[in-house]
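# Structural description and commentary
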Amino acid sequence: MTDRRALRPYAMLAAAMLFWSGNAIAGRLVRDDIPPATLSLMRWAGALVLLLPFAWGHLVRDRAILLAAWPRVVAIGLLGVAAFNALYYLGLHYTTASNGLLLQALIPTLVLVCDRLIFGVRPGWSAVAGVAVSTIGVAVIVFRGDPALLTGFVLGRGDALILTAVVIWALYTSLLRTKPAVHPLAFLAATFAVGLTALVPFAIAELARGAQVNWTPTTIAVVGYVAVFPSLLSYLLFGAGVAALGAGRAGQTINLMPLFGALLAAALLGEALHGYHAVGMTLILAGLVVGLLGNRAVRRT
């Protein structure tokens, strides 16, 4: 029973990574149909509308605590809701999927760095080893098992945008430890509202420049998906995982995204799976197991 409880945060984080992997595919599908800031705005507006009926009572009860901690709430909402997602969707317009996956693989390492620099948290050996092994697995998938492709990696405009988003997400993950002691739904609704408010002028600017939304059954389905699964559910699951495991160990599970992305691309887009996918997936899972075993050893000690 104890082991099952210990695995629960990893299961929640794995579900969040699955939904976020679907978000990457969804963003690519509609990149020519919905401008990036507009897609982010619709995503968070939908998520907030769905969340408010369940969160309203908690918001009312926790409003004094939230107002007292407003600088932290605003910072977390701006970083994790507004800035990361807008930059990520914008980056998908200019970079390849391979480059994007490689840059996202930097997140677990950057989370450990943020934890160390901001909070003085020294990562354990298992966290460092697990991140290293999983990152190698990501690189195997991204570069298709061919080291020669490393020489062809060029940091372009889209890559710079996603790299900035990656740094922002690492900072957001680390700062989650500072969130006020309120109900998770109240905190989620407050950060969603902050991010949504910040995105409004950017979406208006896009539309004022002549950008348009091409409404089709696909775009409608994508907006519905991104509002529910990678927004409402994933952020709730990710926050719970960070609270249970800490930012460093929770951040390591982000390396599951290339694994899930490859599987989803094969299932939904008909892309083939190769031997290097199997090698990379094995290394990613091995890195997570190293982190899990190290966590159990520390707990027992």
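An account of the accompanying structure is given in this report. Every chain is numbered on its own, with residues counted from 1 as its sequence reads. For a predicted model such as this one, the threshold for reporting local features is a pLDDT of at least 70, and the threshold for listing and counting side-chain atom pairs is 80 or more; totals across whole chains, interfaces and linings nevertheless cover every residue. To obtain the side-chain values, all non-hydrogen atoms of the structure were included, while hydrogens and water were left out.

### Observations concerning the overall build of the protein chain
Of the regular secondary structure elements, the protein chain holds twelve helices and zero strands. Here a helix means four or more residues in a row that DSSP labels H or I, a strand means two or more in a row labelled E, and each is numbered from the N terminus. Beginning at the N terminus, the succession of helices and strands in the protein chain can be written as α-α-α-α-α-α-α-α-α-α-α-α. For a compact globule the rule gives 2.2 Å times the number of residues to the power 0.38, and the radius of gyration it is set against comes from C-alpha atoms. In terms of overall dimensions, the protein chain is globule-like: its C-alpha atoms have a radius of gyration of 19 Å, near the 19 Å expected for 301 residues. Each accessible area value is a Shrake-Rupley result obtained with a 1.4 Å probe; residue values ignore everything except the protein chains displayed when judging cover. Summing over all exposed atoms, the protein chain offers an accessible surface of approximately 13,800 Å²; the carbon and sulfur share of this is 70%.

### Regarding the pattern of salt bridges
Two side chains bearing opposite charge may form a pair once their charged atoms approach each other closely. Every case where a carboxyl oxygen of Asp or Glu lies within 4 Å of a side-chain nitrogen of Lys or Arg is listed as a salt bridge. Under the defined criterion, the tally for this structure stands at one salt bridge. The salt bridge partner of arginine 177 is aspartate 115, with a shortest N-O separation of 3.2 Å. On the criterion of sequence distance, the pair formed by arginine 177 in the loop between α7 (157-175) and α8 (184-208) and aspartate 115 in helix α5 (residues 107-119) is long-range, its members being 62 residues apart. Residue burial is assigned from relative accessible area. The probe radius is 1.4 Å, only protein chains are included, and a residue is buried under 20% of its type maximum, exposed over 50%, and partly exposed in between. On the basis of relative accessibility, which here comes to 3%, the residue aspartate 115 falls in the buried class.

### Details of the packing of helix α3 (residues 70-91) against α8
A pair of packed helices is captured by two measures, namely the crossing angle of their axes and the spacing between those axes. One way to put it is that α3 packs onto α8 with a least axis distance of 8 Å and a crossing angle of 55°. Overall, the two elements α3 and α8 adopt an arrangement that is oblique. Considering only the axes of α3 and α8, their crossing is right-handed. Contacts from Val73, Val74, Ile76, Gly77, Leu78, Val81, Ala82 and Ala86 in α3 reach Phe187, Ala190, Thr191, Phe192, Val194, Gly195, Ala198 and Leu199 in α8. Charged means Asp, Glu, Lys or Arg here, nonpolar means Ala, Val, Leu, Ile, Met, Phe, Trp, Tyr, Cys or Pro, and polar covers whatever is left, Gly included. Among the residues forming the contact of α3 with α8, the class breakdown is 13 nonpolar, three polar and no charged. Simply put, an axis is a line fit to the C-alpha atoms, just over the touching stretch for a helix, and the angle between two N-to-C directions goes from 0 to 180 degrees. Should an angle lie under 35 degrees it is considered roughly parallel, over 145 roughly antiparallel, and from 65 to 115 roughly perpendicular; all remaining angles are considered oblique. Each crossing gets its handedness from the near helix: less than a right angle anticlockwise from the far helix is left-handed, clockwise is right-handed. Contacts between residues were defined by any pair of non-hydrogen atoms, one from each residue, lying within 4.5 Å.

### As for the nonpolar core
Of all hydrophobic cores here, the largest spans 75 residues; its most connected members are Trp169, Phe192, Tyr235 and Phe238. Excluding residues that lie within four positions of it along the chain, tryptophan 169 makes contacts with Trp20, Gly80, Phe84, Ile107, Tyr235, Phe238 and Ile254. Throughout, nonpolar core names a set of buried Ala, Val, Leu, Ile, Met, Phe, Trp, Tyr and Cys residues whose side chains join them through atoms within 4.5 Å.

### Observations regarding the side chain of asparagine 23
Tracing the chain through its elements places asparagine 23 in helix α1 (residues 2-29). Asparagine 23 sits in the buried class, given a relative accessible area of 4%. Apart from residues lying up to four places away in sequence, asparagine 23 is in contact with Arg43, Tyr88, Tyr89, Tyr225, Val226 and Pro230.

### Let's talk about the packing of aromatic side chains
Pairing of aromatic side chains requires ring centres within 6.5 Å, counting the rings of Phe and Tyr and the six-membered ring of Trp. Pairs whose planes differ by under 30 degrees are stacked, by over 60 edge-to-face, and all others tilted. Inspection of every chain in the model, using the stated rule, returns 15 aromatic pairs. When the centroid spacing of 5.1 Å and the interplanar angle of 85° are considered together, the rings of tryptophan 20 and tryptophan 169 count as edge-to-face. With tryptophan 20 in helix α1 and tryptophan 169 in helix α7, the pair connects residues that are 149 residues apart, well separated along the chain. The pair formed by tryptophan 20 and tryptophan 169 is uniform in burial state, with each residue classed as buried. A ring pair is formed by phenylalanine 84 and tyrosine 88, whose centres lie 5.7 Å apart and whose planes are at 15°; its orientation type is stacked. In this pair, phenylalanine 84 and tyrosine 88 both sit in helix α3, four residues apart, roughly one turn of the helix. Each member of the pair, phenylalanine 84 as well as tyrosine 88, is classed as buried.

### Quick notes on the packing of helix α2 (residues 36-68) against α3
Relative orientation of the contacting elements α2 and α3 amounts to 165°, with a least axis distance of 12 Å. As the angle between them shows, α2 and α3 are arranged roughly antiparallel. Like other packed secondary-structure pairs, α2 and α3 cross with a definite hand, here right-handed. Seen from α2, the contacting residues are Pro36, Leu39, Ser40, Arg43, Trp44, Leu66, Leu67 and Ala68; seen from α3, they are Trp70, Pro71, Val73, Val81, Asn85, Ala86, Tyr89 and Leu90. For the contact of α2 with α3, the class distribution of residues is 13 nonpolar, two polar and one charged.

### Here's the deal with the environment of arginine 249
Its place among the elements puts arginine 249 in helix α10 (residues 247-252). Classification of arginine 249 by relative accessible area gives buried; the value is 12%. Sequence separation between arginine 249 and alanine 127 is 122 residues, and the spatial gap between their C-alpha atoms is 6.4 Å.

### Points about empty space enclosed by the protein
A cavity here means a set of points on a 1 Å grid, drawn over the protein atoms and nothing else, where a 1.4 Å probe fits but cannot get out; a pocket is an open set with protein on both sides within 12 Å along at least five of seven lines, and a residue lines either one if it has an atom within 4 Å of a point. Grid points are joined across faces, edges and corners, and a volume is the space filled by probe spheres set on the points. Under the counting rule described, the total for this entry stands at two cavities of 30 Å³ or more. Approximately 130 Å³ is the volume attributed to the largest cavity. Every residue lining the largest cavity is counted, 13 residues in all, and those nearest its centre are Trp20, Phe84, Gln104, Trp169 and Met257. Counting residues per element, the ones that place at least two in the lining of the largest cavity are α1 and α3. Split by residue class, the lining of the largest cavity holds nine nonpolar, three polar and one charged. Taken as a whole, the second largest cavity encloses approximately 40 Å³ of empty space. Along the walls of the second largest cavity sit Gly27, Arg31, Ile34, Leu39, Tyr89, Leu92 and His93, which together make up its complete lining. Split by residue class, the lining of the second largest cavity holds four nonpolar, two polar and one charged.

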